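Structure at a glance
Chain by chain, the residues:
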Amino acid sequence: MTNPMPAPEVEYSDPLDDTRERDDAMPREASSIELKGLRKQFGKDMVALDGVDLTIEAGEFFTLLGPSGCGKTTLLRILAGLEDPDDGKLLIGGKDVTDIPPHRRSVNTVFQSYALFPHLSVRDNLAFGLRMRGESVAERQRKVAEVAEFIQLGSLVERRVDQLSGGQRQRIALARALVCEPNVLLLDEPLSALDAGLRGQLQVELQRIQKRLGMTFVFVTHDQDEAMVMSDRIAVLDSGIIQQVGTPSEVYEHPVNAFVARFMGHDNLFAIQRSADNWVDTDLGRLQLDAAQQRAEQQGWLLIRPETLELGGEVPPGYNRLEGIVKERLYRGSRIEYRLEINGVNLMVVTSNLGQRLHAVGDKVTVSVCPEDLVRVAA
Amino acid sequence: MADMSLVVRGRAVVSETRHLLFSVMPGAVWIIVFLVLPSVYLMAVAFMTNGPYGQPQMPLSLESFRQLAGFGFLGWSPGNLYTLLRSLWQTLLSTVLVVIVAYPIAYYITTCREKWRPIMLLVVVVPSWTNQVIRTFGWMNLLAPGTPLSDAAQALGLIAPNMGLYPSNFAVTLGLVYNFLPFMVLPLYAAFEKLDTAQVQAAQDLYASPVRAFWHAVFPQTLPGLLAGTVLVAIPAFGMYVIPELLGGGKGMMLGNLVANQFAGSANWPLGAAGAILMLIATFAGLFAMRRIGKRLGGGEEVVI
């Protein structure tokens, strides 16, 4: 099929600029979500969800984060009603909806593939949910015009879906769900098919839409940067189990275990060989810890965030001092990353580019780190 | 210099034209000799007069069309009209039944695991590899008087005692549905396979019950397949000869049989030619209607016929 008239990309201007006036017919009623002991198994031994307990507050931007196959999409599909849990309960807005089919749930989904209907115009796509819900033609027209203006794609409503660019399709898919004014909006990796630039733009836009509408958003992604940028809270999943729930800074700075730490992009994890009240032994040597980091268990991991390390210069009193050799230097513009070798193990250091002298590969350097910045992580 | 380049370009055009001519020639000759010329001949015959031995002869007349309309030397009889109406009805009925049977089959195959799908399609197609006449004889054996199926139909009071399900119009319809099923299943399967299953879920997510999800999200997208299948089923069914000949008996005759009889038994070539032209016109009218419907319903998705 040919595309006779390629749609020009609509120039992005901030449609949700808070200073702009607009009448607020868009939804305000948000629902909380409660999951109680949700289990789901595919076939004999593929456990997708292994007892998930979770509460998502009304009006929250909540992200399910994890590698592929961790169960995050299954969880989202259970919320939508497209999958039935084997066990457990699902409450939306305090109401048990576990056995309610998808078309009777006030929940709408933005699908990863967008799943726009190719046989319908953009307008009919947007009106689909309202039509199925039996709203009058006049009501439909009013709401579709409103949502099209809201996402700034009003000029495209007569187009066919195959005449839209990827970014436009994404926005139409979002609008098609928003126009139904659901209590909960589910988003299944909606940005994964877009190029990096557009993706960043839509991350900001999505977050603003959510804040403006005060709707509960449940967002699924495998990209920890995306999750941190957008979310109020993040749940990190692995093998059908929730590993940690917390704000982006909690999850990033204080991961509860090595899986979460690695998934959040931390490289500097060192196995703890021995520990006492205020020190640990690792391959790097003995390091002083803040007393607050005391743990009952001896073993586990030590997390050193690369941006907390100071390279060269004076070592302030009480700081840990390490010596290593620069093995690799990555110049990233705003920051510079070094890979050091200390006692035969790698240590990543990230410094802001403030115009200081760069260390060359092969240089012997001193590294200092405040004891308070060292974090103990469970295995 | 300018003249030189012109000459060169002129030569290139000539050689390209010649090249095209040579590559198209065999096919064109084939079509002209075996399709265009016989059709022209048939048309000429239709306007001729029937000779004493059934051979077409001068003068030109519209006599054969008069006969086709039912005017014989005994006055008007509705026989041919019935045959035409029966052909249309059998075509319509069998096409509708084929659609009803083929939709679930095609959909079911798309829900099967990927490695099973070619096998399932093969199962649908394999019967059509056997000669049509042989398969139709098979149905004769299944539907004849005294067979379990006929006995069951008698017990239910559907047919008179000591009669069989064959010969009858019912047997013709059954034969047509059976014969043309693969031609509907395949294009529908292709349409279903192109469909993104996420769209069905999206429809349900957007408050459509399963039935409405099918009707509003799935069915419109299978229309190109449905139209292609309809063309593949309805047109050959309309001109079908073997099935009504074998399963229909005297009251099951269709237009194809009428035409064949004029060329063989009754020996009235001009009348047969007139019937053939009527079939041709009906076919083109049907195709034209399909195209119009396809363009309206399928949006930009052109149904290639």
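Residues numbered from 1 in each chain as written. Chains lettered and ligands numbered in written order. Predicted model: local features only at pLDDT ≥ 70, side-chain atom pairs only at ≥ 80, totals over all residues.

Details of the confidence of the model for chain B
This is how it is decided: What pLDDT expresses is the predictor's confidence in each residue, scored from 0 to 100.
Chain-level pLDDT for chain B is 83 on average; 92% of the residues reach the 70-or-more range. Scored as a complex, the prediction yields pTM 0.75 and ipTM 0.78.

Notes on the domain arrangement of chain B
All names here are of chain B. Defined as follows: These domain limits were set by an automatic method or by a database of domain assignments. Contact definition: two residues whose C-beta atoms, as placed from backbone geometry, lie within 7 Å. Put simply, DSSP marks the helices as runs of H or I at least four residues long and the strands as runs of E at least two long, and each gets a number from the N terminus on. As a working rule, the residues Ala, Val, Leu, Ile, Met, Phe, Trp, Tyr, Cys and Pro are called nonpolar, Asp, Glu, Lys and Arg charged, and the rest polar, with Gly in that last group.
Per the domain assignment, the segments of chain B are domain 1 (2–65) and domain 2 (72–303). Each of domain 1 and domain 2 was reduced to a C-alpha centroid, and the two centroids are 33 Å apart. Contacts between the two partners involve 13 residues from domain 1, matched on the other side by nine residues from domain 2. Elements represented by at least two residues in the side of domain 1 that touches domain 2 include exactly helix H1 (2–46), strand E1 (49–50) and helix H2 (63–68). If you tally residues by element for the side of domain 1 that touches domain 2, the top one is H1, at four residues. A class-by-class count of the residues in the side of domain 1 that touches domain 2 yields eight nonpolar, five polar and no charged.

Things to note about helix H1 (residues 72–80) of chain A
An α-helical segment advances 3.6 residues per turn. Residues three or four places apart therefore align on the same side. Residue and element names in this part refer to chain A. Heads up, the condition is: Three classes are used. A residue is buried when 20 or more other C-beta atoms lie within 10 Å of its own, exposed when 12 or fewer do, and partly exposed in between, with C-beta atoms placed from the backbone.
With eight of nine residues buried, H1 is to be regarded as a mostly interior element. Residues Lys-72, Thr-74, Leu-75, Leu-76, Arg-77, Ile-78, Leu-79 and Ala-80 constitute the buried set of H1. Residue Gly-81 follows H1 closely and has a positive phi angle near 95°.

Some words on the pairing of strand E3 (residues 61–65) of chain A
Each regular strand shows side chains that alternate between the opposite faces of the sheet. Residues and elements named next belong to chain A. Defined as follows: DSSP-based pairing: two strands are paired if at least 2 bridges between them are found.
Most of E3 is tucked away, with five of its five residues classed as buried. On E3, burial covers both faces: Phe-61, Thr-63 and Leu-65 on one face and Phe-62 and Leu-64 on the other are all buried. Summarising the sheet, E3 and strand E8 (residues 216–221) pair through five bridges and their orientation is parallel. What sits directly across from Leu-65, in E8, is Thr-221. Note: E3 against strand E9 (residues 233–238), four bridges, orientation parallel. Of the residues in E9, the one forming a bridge with Phe-62 is Arg-233.

Topic: the interface of chain B and chain A
Facing 17 residues of chain B, the contacting portion of chain A comprises 19 residues. Listed by contribution, the elements that provide at least two residues to the side of chain B that touches chain A are helix H8 (197–205) and helix H9 (210–238) of chain B.

Topic: the confidence of the model for chain A
Within chain A, residue pLDDT values average 86, and 92% of them lie at 70 or more. Counting contacts from residues 1–27 of chain A, a segment whose pLDDT is below 50, to residues more than four positions away or on other chains yields 31 contacts.

Some words on the sheet that holds strand E17 (residues 320–331) of chain A
Paired through their backbone hydrogen bonds, the strands of a sheet run either parallel or antiparallel. All names here are of chain A. The strand order across the open sheet built from five strands is E16-E20-E17-E18-E19, with neighbouring strands paired in antiparallel fashion. Edge positions in the sheet fall to strand E16 (310–311) and strand E19 (345–352), since each of these pairs with one other strand and no more. Of the pairings in the sheet, the one linking strand E18 (residues 335–342) to E19 comprises eight bridges and is antiparallel in character. Its bridge partner lying in E19, Glu-337 is registered against Val-350.

Quick look at the pairing of E18(A)
All names here are of chain A. As paired elements, E17 and E18 share six bridges and run antiparallel to each other. If you follow Arg-329 over to E18, its bridge partner there is Tyr-338. The hairpin turn running from E17 into E18, its antiparallel successor, is three residues long, and Gly-333 in that turn takes a positive phi close to 85°. In textbook terms, the turn of a hairpin is the stretch between consecutive antiparallel strands, and for E18 and E19 this stretch comprises two residues, one of which, Asn-343, has a positive phi near 50°.

A word on the packing of helix H2 (residues 122–132) of chain A against helix H3 (residues 137–150) of chain A
Residue and element names in this part refer to chain A. The line we're drawing: To obtain an axis, a line is fitted to C-alpha atoms, over the contacting stretch when the element is a helix, and the angle between two such axes runs from 0 to 180 degrees between their N-to-C directions. Here the angle decides the label: under 35 degrees means roughly parallel, over 145 means roughly antiparallel, 65 to 115 means roughly perpendicular, and every other value means oblique. Crossing handedness: left-handed means the near helix sits turned counterclockwise from the far one by under a right angle, and right-handed means the same turn made clockwise.
Where H2 meets H3, the closest approach of the two axes is 9 Å, and the angle between their N-to-C directions is 130°. With respect to H3, the axis of H2 lies oblique. The chirality of how H2 crosses H3 is right-handed. Residues Arg-123, Leu-126, Ala-127, Leu-130 and Arg-131 of H2 form the contact with H3, whose own contacting residues are Glu-139, Arg-140, Lys-143, Val-144, Val-147 and Ala-148. Classifying every residue of the contact of H2 with H3 by side-chain character gives six nonpolar, no polar and five charged.

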